[in-house]
Amino acid sequence: MLRALMFGLACSLFCLAAQAEGPVKTDEPYARLPLQFGLCDGPSWTGKSLFIPDVKAGILYDYDPVSGMLTKITENVRISGTCYRHGRLYASDNGNARISLLDGHDLTTLAVVDTAEKPVNKPNDLVVDAQGGVYVTLTKPNQVVYVTREGKVSVAVDGLPTPNGLTLSPDEKTLYVASYLPKEIWAYDVTAPGQTANGRKFAFMDDGKDPGADGMTIDADGNVYCAGAKAVWIWNPKGELLGKIETPARPINCKFGDADLKTLYITCFDGLYRQRMTVSGLAPGRDH
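All of the points below concern the structure found in this document. (Residues numbered from 1 in each chain as written. Predicted model: local features only at pLDDT ≥ 70, side-chain atom pairs only at ≥ 80, totals over all residues. Heavy atoms only, no water.)

1. Considerations on the packing of aromatic side chains
Okay, step 1: On inspection of all chains with the given rule, the structure shows 8 aromatic pairs.
Okay, step 2: Here the aromatic residues Y176, F202, W233 and W235 are joined through ring pairs into a cluster of three or more.
Okay, step 3: Sitting over the ring of W233, K244 keeps its end group 3.9 Å from the ring centre. (Phe/Tyr/Trp six-rings, centres within 6.5 Å; stacked < 30°, edge-to-face > 60°. Lys NZ or Arg CZ within 6 Å of the ring centre and 35° of its normal.)

Now the structure itself:
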């Protein structure tokens, strides 16, 4: 009986310790990688390497964390966000107001979101769902649009001020969108591909006057990550703050990577950082 009680107590203490452990691996602090960028933005993990757009230099890179090699894939293109899924790279081709697909070293057009000579509807960030459809933020029109795998465009969210980063929950039943200037995170029920309802405020970044709800990602437990003015914020699915990853320079975006998917790569104004985590991201090709 005593042995059983002691075993039960040990199990309870272990569970409490596991619950108390945050998603950040605090005994392995973040590190800045020795890579040079003009301004790196929304990355994505392929299962072997990390695609990184340099939005300022107009270059798309492929980074191999094992060898440390940074390879130029294409240039003369202003990409603000990428998402790797269904075995291909989707790119938010901000400069050409289109959603593109990478074919070798070339970008092909999935959909054009503004045909004007001086487009206003420039895509900012994107996330791809299981059907191959793409949710895209259009910051100036205050919209999130949905692009089907055939290239048809419709409005998924309307009237949200300055939408920026976005991500999908692991079950894809919830779409999270960062509202840049109010520094709010909003959650929407996904009722069908490209259709949302029940928009509600999920979280607020109360960290001063500097603007900040930027790029987003999610982990396998459904914890939500967003780059703020001075740190990457982390909330659980209930909207409770789990912690922050403070960065020396302003963070822009973040995605999980490496073989065990337990490294969070963070793009910042001064370069690329990596932070080891206690939780993993979604499986390769599912990294929202």
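2. Topic: the sheet that holds strand β18 (residues 216-218)
Okay, step 1: Ordered by their spatial adjacency, 4 strands build an open sheet running β18-β19-β20-β21, and the pairing between neighbours is antiparallel. At either margin of the open sheet sits one strand with a lone partner, and together these are β18 and β21 (241-246). Strand-to-strand twist across the sheet, computed as the mean angle between neighbouring axes with direction ignored, equals 20°.
Okay, step 2: Where strand β19 (residues 224-227) and strand β20 (residues 231-235) come together, 4 bridges link them in antiparallel fashion. Bridging across to β20, V224 finds its partner in W235. (Pairing = 2+ DSSP bridges. Helix = DSSP H or I, 4+ residues; strand = E, 2+ residues; numbered from the N terminus. Axes fitted to C-alpha atoms, helices over the stretch in contact; angles between N-to-C directions.)

3. Considerations on the layout of surface pockets
Okay, step 1: Put simply, the largest pocket is a space of about 370 Å³.
Okay, step 2: Along the wall of the largest pocket there are 16 residues; nearest its centre are D41, N124, N164, D214 and I252.
Okay, step 3: At the level of elements, β10 (123-128) and β22 (251-257) are the ones that each hand at least two residues to the lining of the largest pocket.
Okay, step 4: The residue inventory of the lining of the largest pocket, partitioned by class, reads 5 nonpolar, 6 polar and 5 charged. (1 Å grid on protein atoms, 1.4 Å probe; cavity = no way out; pocket = protein on both sides within 12 Å on 5 of 7 lines; lining within 4 Å. Points joined across faces, edges and corners; volume = space filled by probe spheres on them. Nonpolar A, V, L, I, M, F, W, Y, C, P; charged D, E, K, R; others polar.)

4. Considering the sheet that holds strand β5 (residues 70-75)
Okay, step 1: Taken in spatial order, the 4 strands of this open sheet run β2-β3-β4-β5, and their pairing is antiparallel. Strand pairing shows two members of the sheet lacking a second neighbour, β2 (44-45) and β5, which therefore form its edges.
Okay, step 2: Pairing analysis gives 2 bridges linking β2 to strand β3 (residues 50-54), with the strands arranged antiparallel. Looking across to β3, one finds that W45 is bridged to L50.

5. Describing the nonpolar core
Okay, step 1: Counting 16 residues, the largest nonpolar core has Y176, I185, F202, M216, V224, C226 and W235 as the members making the most contacts within it.
Okay, step 2: Broken down by secondary-structure element, the contributors of at least two residues to this core are β15 (174-179), β16 (184-192), β17 (195-204), β18, β19 and β20.
Okay, step 3: Once you skip the residues sitting within four places of it in the chain, F202 turns out to touch Y176, I185, W186, A187, V224, W235, N236, P237, K238 and G239.
Okay, step 4: The next biggest cluster of nonpolar side chains, apart from the first, holds 15 residues, and it includes Y90, I99, V136 and L138. (Core = buried A, V, L, I, M, F, W, Y, C linked by side-chain atoms within 4.5 Å. Buried < 20%, exposed > 50% of the residue type's maximum accessible area, 1.4 Å probe, protein only. Contact = heavy atoms within 4.5 Å.)

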